[in-house]
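# Close look at the chain arrangement
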Amino acid sequence: MYKRLLRRLLGWTLALDVWVNRVYPADFNPLYYTGGLSNLFLTILVLSGIFLFFYYVPSFNDAYTSVQFITAEVPYGQIIRGIHRYAADGFIIAILLHFFRNWFTERFRFSRDEPWISGMMLLVFAGFIGVTGYVLVWDQRSALLVAMTGNSLASIPLVGGWLRSALFGGTGLTNLLLPRMLYLHIGPAVFLYILLWWHYVRIRHPKVWPPAVWTLFALGIVMLLAGVLPVTSQPPASALSTPGRLAVDWFFLLPYVGLKYLPPLGLILVGAVIVAYGLYIPYQLPETETELGIRDSGVAQVIDANCTGCELCYYDCPYDAIVMVPSPHPGVTKAAQARKLLAVVLESRCVECGICIGACPFEALELPRYLERDIHEKVLSACRSET
Amino acid sequence: MTADARRPRIVGFLCDYAVSREGIVREDGTMRDLPNVTLIQVPCSGFVRPAWLEFALRNGAEGAFVCGCPLGDCFNRLGNNLIGDRVAQMRRRLERQKIHPDRVATIYHGLHEQAEFVAAVRAFSERVAALPGPVVPAPRTAAARPPASPTRSPGTGVTGGAPGPAAGPGAPPGEQEGG
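Let us look at the structure shown here. As the structure is a prediction and not an experimental result, all values here were calculated from the model.

### Quick word on the overall build of chain B
Check the secondary structure of chain B and you find seven helices and four strands. In chain B, the order of α-helices and β-strands from amino to carboxyl end is α-β-β-α-β-α-β-α-α-α-α. Looking at the 179 residues of chain B, the share that counts as buried comes to 51%. Sequence-distant contacts, at least 24 apart, represent 74% of the contacts inside chain B between residues at least 6 apart. Only carbon and sulfur atoms are counted for the fraction: they give 55% of the accessible area of chain B, which is about 8100 Å².

Quick look at the structure:
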C-alpha cells in the first residue's frame, strides 16, 4: 500500500521531469539541479547577510530602528534586505524540492544514507535559521514568535522551562535575547557548511552549482521580487500592545500555524516524529532480491593481473568507492607490468552499479555475478536467434 | 514498405533504471513490437563497455545501442553521460575499421517513456536497415572461405585491444594465395 503510493509518486516525479524537459533541454532542467539551486541561494544569503550584519544592532531599543535605517538610509539597503528575505524563501523551496525529488526517486539507497541524513539535518537547521531571522527584525511578529516558541518549549515536561531559558537567556524578555538570536542566526549558518561538506564528501562530481542560466535567472527573480514587493517590518514590538494575528511566511513559519489546531506539546511531538521518520527513510523497505534483480551482482572486483593503474575507474566511480594504492607488485599482462598504482574497491561504498566496468579499457574489473563472459554469451545468443 | 520488410538484427543494452521492461519485452529478451531487437539488461548504462557493442557488430548484429536514463538524471552519477562520451569516442575507432559509425547509438529515456523508447528503437532500426554494405568489411580472403569470418571474429572481439592488426598479419599469407 505504502509502497504502491511511493511508486506512484516516483511515476509523477518522472512525468514532471518529462514535462519540464519539453520546455527546457535536459541540460537545463531545474529539477535536476535542485541541490545546486539550494547552494546558490545559500551563497546569496551569506553575501547579503554579511552586508546586513554591518548595520544591525542587536538590542531591544535599536534593533527595529537599525532595520529601518538599513531599509531607508543605507544605499541599496532596501534591495539587499529584500534579496536576503526572498533568497531565504527560495532556499527553502529548493531544499524541499530536493528533498521530495530524492525521496521519490529513491536516491537514498545503499551508501547514500549519509547524504540523506546530513540533508535532513540541513533542512532542520535551515528552518531554525529562518525563524531566528524573523525574530531579529523585532517587530510585532517577532515578539509573537518569541512568545509562541517559549510557550511551546515550556510545555515540554521536565526540561521545558530550562530549554526556554537556555534559548532566550532567561524567562521573559531579557537583554540577552537579541544577541543570542543573532548568534543563533549566524552560528548555525556556518554549521550548514560543515554539514554540506558531509553532504558532498561521498559523492564524486556533485552538482554543486546550477547551470549559469539558472544562476542568473534565480538571481534575477530574487532581485525583481525585492524591487517589486519591498520587504517591510510590522509595527515595532512593545510590551504594551499584544499583536492579534501572525503574518505568516508560509515557508518558514508553517509550524506556527499548527499551534492554532494543536496543543504545543502535540506540535512538538509531530515535528519530532516527522524528523525521526525522515532520518529512518533510507533504512525502511530495503529492496528485496527480486527487486534488485540484475543490480545485485556483487561488489566490483579488481583483476590484479590486468590492472594498469590508469585511474580511469577512480575518476568515474560515482561513490568514491575506488582508491588507488601504490602497486605492491607488477601486473601480469604487458600493459600492467610497469604500473605504479593499483585500484582497490572499498566494499562498504560499492553499490554494484558497474560504472567502473565500463570505464576500464583493460578488462581489469568485473562484477562477480555478471561477468563480461555472461554479456558475451547473451550477445552471441541474441545474434544467433532467428529474427 | 521495404524498410519494414528488412529487419536488421539489433542488440540493445538497457539500463535497469531506465525504460521499464514491463509489456515491451518478451521472455527471450526480444522486443514485442520489434522482434529483431534483443534487449540485454544492465545495472547502469555506464556498465556497458563500448567493446561489447563492437563485439555484437562483429558477431552478426547489424546495429547496437545503449539505452540510459535522461541525461542529467542518472540514478548513480553521470553513468549515461559517460556512456554517451564513450560511444562518441568509439565512432572514430569504428570508422578506422571501416564499420559504419551509425551502427551504434545511445538512447535516453526514463522509466515510463515506453512509447517514445519503442519509437526511438524503431527509428534506429530503420536507419540501420538503410545503411549500405556488410557490417564488418570482409577481409580480402573472406571470399574464399565465407564461413570462416563469423567463427573467427569472436576471438578478435573478445581480446579487444587491437583486433584488426592482430588478426591481419597472422592470417593472410597462406590464404591470400588461396583466394
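### Examining the interface of chain B and chain A
Across the contact, 42 residues belong to chain B and 52 residues belong to chain A. Where chain B abuts chain A, roughly 3800 Å² becomes buried across the two surfaces, and 60% of that area is made up of carbon and sulfur atoms. The largest per-residue losses of area from chain B upon contact with chain A belong to Arg49, Phe75 and Arg77 of chain B, which jointly make up 21% of the total buried on that side. At the boundary of chain B with chain A, the tally comes to five salt bridges. Across the salt bridge formed by Asp316 of chain A and Arg86 of chain B, the nearest N and O atoms sit 2.7 Å from each other.

### A short note on helix α7 (residues 160-168) of chain A
Note: α-helices contain 3.6 residues per turn, so residues at a spacing of three or four share the same orientation. All names here are of chain A. Residues Gly160, Leu167 and Phe168 constitute the buried set of α7. Viewed along the axis of α7, the buried residues span an arc of 80°, placing them on a single side of the element. Among the structural elements, α5 (113-136), α6 (140-154) and α8 (177-200) are those in contact with the buried residues of α7. Once α7 ends, the next one or two residues include Gly169, with phi positive near 70°.

### Side note on the packing of helix α2 (residues 50-58) of chain B against helix α3 (residues 79-96) of chain B
Residue and element names in this part refer to chain B. Between α2 and α3, the shortest axis-to-axis distance is 10 Å and the interhelical angle comes to 45°. Taken together, the axis directions place α2 and α3 in an arrangement best described as oblique. As α2 runs across α3, the sense of the crossing is right-handed. Note on element contacts: α3 touches α2 through Arg86, Val87, Met90, Arg93 and Leu94, opposite Pro50, Leu53, Glu54 and Leu57. Along the lines of polarity and charge, the residues of the contact of α2 with α3 split into six nonpolar, no polar and three charged.

### Some remarks on the packing of aromatic side chains
Inspection of every chain in the model, using the stated rule, returns 21 aromatic pairs over all chains. Summarising the aromatic geometry, the rings of Tyr17 of chain B and Phe75 of chain B are spaced 4.2 Å apart at their centres and angled 5° between planes, so their arrangement reads as stacked. Remark: Phe75 of chain B occurs in the loop between β3 (63-68) and α3 and Tyr17 of chain B occurs in the loop between β1 (10-15) and β2 (37-42); sequence separation between them is 58 residues. Seen from the ring of Tyr314 of chain A, Arg204 of chain A lies directly overhead, with NZ or CZ sitting 4.9 Å from the centre.

### What about unusual backbone geometry?
The residue Leu158 of chain A is not glycine, and still its phi comes out positive at about 70°. Within the secondary structure layout, Leu158 of chain A lies in the loop between α6 and α7. Given the relative accessible area of 90%, Leu158 of chain A is considered exposed. One non-glycine residue, Leu78 of chain B, lies in positive phi territory at about 65°. Relative to the helices and strands, Leu78 of chain B is located in the loop between β3 and α3. Residue Leu78 of chain B is classed as partly exposed on the basis of its relative accessible area, which comes to 32%.

### Some words on a nonpolar patch on the surface
The grouping of Leu47, Ile50, Phe53, Phe54, Tyr55, Phe69, Ile186 and Val190 of chain A at the surface amounts to a nonpolar patch, some 800 Å² of accessible area in total. Positionally, Ile186 of chain A belongs in helix α8.

### Quick look at the nonpolar core
The biggest cluster of nonpolar side chains holds 64 residues, and the ones touching the most others in it are Phe41, Phe91, Trp103, Trp116, Trp138 and Met181 of chain A. Beyond its immediate chain neighbours, meaning those up to four positions away, Trp103 of chain A contacts Tyr2, Leu6, Phe108, Trp116, Tyr277 and Ile281 of chain A. Formed by 46 residues, the second largest nonpolar core is a distinct cluster that contains Met324 and Leu342 of chain A together with Phe13 and Val87 of chain B.

### What to know about the pattern of salt bridges
All names here are of chain A. Applying the stated criterion across every chain, the model contains 14 salt bridges over all chains. Close ionic contact of Arg85 with Asp89 constitutes a salt bridge, the shortest N to O distance being 3.8 Å. Taken together, the residues span about one helical turn, with Arg85 and Asp89 both in helix α4 (residues 77-104) at a distance of four residues. With a shortest N-O distance of 3.2 Å, Asp320 and Arg204 are connected by a salt bridge. Of the two residues, Asp320 is situated in the loop between α13 (312-316) and β2 (322-326) and Arg204 in the loop between α8 and α9 (212-228); the sequence distance between them amounts to 116 residues. Of the two residues, Asp320 and Arg204, neither departs from the other in class, the shared state being buried.

### Considerations on the layout of surface pockets
A volume near 1500 Å³ is recorded for the largest pocket. Sorting the residues of the lining of the largest pocket by element identifies α4, α5, α6, α7, α10 (254-258) and α11 (264-280) of chain A as the ones contributing at least two each. Each residue belonging to the lining of the largest pocket can be placed in one class, and the counts come to 34 nonpolar, seven polar and no charged. For the second largest pocket, the calculated volume is near 1100 Å³. Considering the residues around the second largest pocket, the lining is formed by 39 residues, among which Arg7, Leu10 and Arg295 of chain A together with Asp16 and Leu111 of chain B are closest to the centre. Sort the elements by how many residues they give to the lining of the second largest pocket and helix α1 (residues 2-23) of chain A lands first, with five residues. In the lining of the second largest pocket, the residues fall into 18 nonpolar, nine polar and twelve charged.

### A few points about α3 of chain B
The terminal C-alpha atoms of α3 of chain B lie 26 Å apart, and with 18 residues this matches the ideal 26 Å at 1.5 Å per residue to within 8%. Within α3 of chain B, the full set of buried residues consists of Gly79, Asn80, Leu82, Ile83, Gly84, Arg86, Val87, Met90 and Leu94 of chain B. Where the residues of α3 of chain B are buried, they touch α13 and α14 (355-359) of chain A together with α2, β3 and β4 (104-108) of chain B. Phi turns positive, to about 65°, at Lys98 of chain B, one or two residues after α3 of chain B.

The rules we used
By convention here, each chain's residues receive numbers from 1 onward along its written sequence. Starting at A for chains and at 1 for ligands, labels are handed out in the order in which the entities are written. Only residues with pLDDT of at least 70 get local features here, since the model is predicted, and only at 80 or more are side-chain atom pairs given and counted; chain-wide, interface and lining totals rely on the full set of residues. Hydrogens and water are ignored here; the side-chain numbers use all heavy atoms of the structure. Secondary structure is summarised from DSSP: a helix means a run of H or I of at least four residues, a strand means a run of E of at least two, and numbering begins at the N terminus for each. Buried, partly exposed and exposed residues are distinguished by accessible area as a fraction of the type maximum, computed with a 1.4 Å probe on protein chains only: under 20%, between the cut-offs, and over 50%, respectively. Here, two residues are considered to be in contact whenever any of their heavy atoms come within 4.5 Å of each other. Accessibility throughout is a Shrake-Rupley quantity obtained with a 1.4 Å probe, and a residue counts as covered only by protein chains that appear here. Summed over both partners, the accessible area lost on bringing two parts together, with a 1.4 Å probe, is the buried area. By convention in these notes, a salt bridge is any Lys or Arg side-chain nitrogen within 4 Å of a carboxyl oxygen on Asp or Glu. Taken from the helix axis, the directions to the C-beta atoms give the arc we talk about. All axes are obtained by fitting lines to C-alpha atoms, using only the stretch in contact for helices, and the reported angles, taken between N-to-C directions, cover 0 to 180 degrees. Oblique is the label for any angle not covered by the other classes, which are roughly parallel (under 35 degrees), roughly antiparallel (over 145) and roughly perpendicular (65 to 115). Note: crossing handedness is left-handed where the near helix turns anticlockwise from the far helix by less than a right angle, and right-handed where it turns clockwise. When residue character is reported, Ala, Val, Leu, Ile, Met, Phe, Trp, Tyr, Cys and Pro are called nonpolar, Asp, Glu, Lys and Arg charged, and the others, Gly included, polar. In this scheme Phe, Tyr and Trp rings, the latter by its six-membered ring, pair at centre separations within 6.5 Å, and the angle between planes marks the pair as stacked below 30 degrees, edge-to-face above 60, and tilted otherwise. Counting as a charge over the ring demands two things of the Lys NZ or Arg CZ atom: a distance within 6 Å of the ring centre and an angle within 35 degrees of the ring normal. In this analysis, a patch consists of residues with relative accessible area above 30% that form no salt bridge, clustered at 9 Å for like charges and at 5 Å for the nonpolar side chains Val, Leu, Ile, Met, Phe, Trp and Tyr. By nonpolar core is meant a set of buried Ala, Val, Leu, Ile, Met, Phe, Trp, Tyr and Cys residues that side-chain atoms within 4.5 Å join together. Buriedness for pockets is judged along seven lines, at least five of which must meet protein on both sides within 12 Å for an open set on the 1 Å grid over protein atoms alone, while cavities are sets there where a 1.4 Å probe fits but cannot get out, and lining residues have an atom within 4 Å of a point. Grid points are joined across faces, edges and corners, and a volume is the space filled by probe spheres set on the points. In this scheme, a helix's expected span is set at 1.5 Å multiplied by one less than its residue total.

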